[in-house]
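# Structural description and commentary
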Amino acid sequence: MEWFEALILGLIQGLTEYLPVSSSGHLAIGSALFGIEGEENLAFTIVVHIATVFSTLVVLWGEIAWIFKGLFKGRMNDETRYVINIVVSMIPVGIVGVFFKDEVEAIFGSGLLVVGCCLLLTALLLTFSYYYKPRQKASISMRDAFIIGLAQACAVLPGLSRSGSTIATGLLLGNDKSKLAQFSFLMVMPPILGQALLDGIALAQGENIAGDIPASSLLIGFIAAFVSGCLACKWMINIVKRGKLIYFAVYCAIVGLATLILG
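Right, let's walk through the structure included here. Computed from a predicted model, the values in this text were never measured in an experiment.

## Quick word on the state of the cysteines
According to the stated counting rule, one finds zero disulfides in the structure shown. In this structure Cys230 is not part of a disulfide, and its nearest cysteine sulfur, from Cys233, lies 7.7 Å away. Classification of Cys233 by relative accessible area gives buried; the value is 0%.

In structure tokens:
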């Protein structure tokens, strides 16, 4: 992987991780265009996903500090309930990661047909959430957190946007728009960090998960994903508050059709 390829793919990851257009789908398309496959693609994907976790920490540091401050009070409060909801939302994706890891990795290597179809599914979900107007709720319940977690588990498919799926599902359940984006971005942090830990253990045991990718390319990709991720995270929170997701539905439909036709 050349440095300019790492730069472009890092920017793509940082922007599309938060925008509801599927970072995995765009990385798959970009990797196919650059001819990047196998271990190089996997290692780079891990690195840029960790970069977006750090960008979440930076942008949402105030909310994260609020959560930890409440946890140290030692009693049930809003902050504790928020953490419980995040833990509940992680259950479905945890089950997928433990029991279906090999199947998911096989899907990622199955070409662009799955990506195109899942982008169209993302477009359909975003469109439905835009026009459907359920009764609004004051807060995200534990039940809703689990259902949003199911959406996150489904979004392991390349082309099915994680942020789009979780935010759209929350909107369909009637949750407040101003709180959904933050919850969606915070709930993905533990699974990504957990996967990074497992990959680090594999690396320590001598498994060459990075293939032949240069360390400089990994660093450039990390920085590009981090900077663009910070910008996209702030932008997406404002977009969700204004309810303008329909434009991303149109974009996903166009890219999905183009991927199916040209891929």
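## Points about helix 13 (residues 246-262)
For helix 13, spanning 17 residues, the distance from its first C-alpha to its last is 24 Å, which sits close to the expected 24 Å at 1.5 Å a residue. Of the positions making up helix 13, those classed as buried are Ile246, Phe248, Ala249, Cys252, Val255, Gly256 and Thr259. Packing partners of the buried residues in helix 13 comprise helix 2 (23-34), helix 7 (112-131) and helix 12 (215-242).

## Re a positive patch on the surface
The grouping of Lys133, Lys177, Arg242 and Lys244 at the surface amounts to a positive patch. Along the polypeptide, Lys244 turns up in the loop between helix 12 and helix 13. By relative accessible area, Lys244 is classed as partly exposed at 36%.

## Overview of the side chain of Ser163
Locating Ser163 in the fold gives a position in helix 9 (residues 162-172). For Ser163, a relative accessible area of 1% gives the class buried. In contact with Ser163, other than residues within four places in its own chain, are Glu17, Tyr18, Leu19, Pro20, Ala168, Ser184 and Phe185.

## Side note on the packing of aromatic side chains
For the structure on display, the rule yields seven aromatic pairs. Between the aromatic rings of Tyr130 and Tyr131, the centroid separation amounts to 4.9 Å while the plane-to-plane angle is 90 degrees, which identifies the pairing as edge-to-face. An aromatic cluster of three or more residues is present, and its members are Trp66, Tyr82 and Phe183. In this arrangement the basic side chain of Lys133 is found over the ring face of Tyr130, its NZ or CZ atom lying 5.5 Å from the centre.

## Remarks on the side chain of Ser184
Structurally, the position occupied by Ser184 is in helix 10 (residues 177-187). In terms of polar contacts, Ser184 uses its side chain to reach the side chain of Thr166, at 2.7 Å.

Reading the values: rules and limits
Residues numbered from 1 in each chain as written. Predicted model: local features only at pLDDT ≥ 70, side-chain atom pairs only at ≥ 80, totals over all residues. Heavy atoms only, no water. Disulfide = S-S within 2.5 Å. Buried < 20%, exposed > 50% of the residue type's maximum accessible area, 1.4 Å probe, protein only. Helix = DSSP H or I, 4+ residues; strand = E, 2+ residues; numbered from the N terminus. Expected span 1.5 Å × (residues − 1). Contact = heavy atoms within 4.5 Å. Patch = residues over 30% accessible without salt bridge, like charges linked within 9 Å, V, L, I, M, F, W, Y side chains within 5 Å. Areas by Shrake-Rupley, 256 points an atom, 1.4 Å probe, with all protein chains shown as cover. Salt bridge = Lys/Arg side-chain N within 4 Å of Asp/Glu carboxyl O. Lys, Arg positive; Asp, Glu negative; His and termini not counted. Charge placed at Lys NZ, Arg CZ, Asp CG, Glu CD. Phe/Tyr/Trp six-rings, centres within 6.5 Å; stacked < 30°, edge-to-face > 60°. Lys NZ or Arg CZ within 6 Å of the ring centre and 35° of its normal. Polar contact = N/O pair within 3.5 Å; in protein donor to acceptor, adjacent residues only side chain to side chain.

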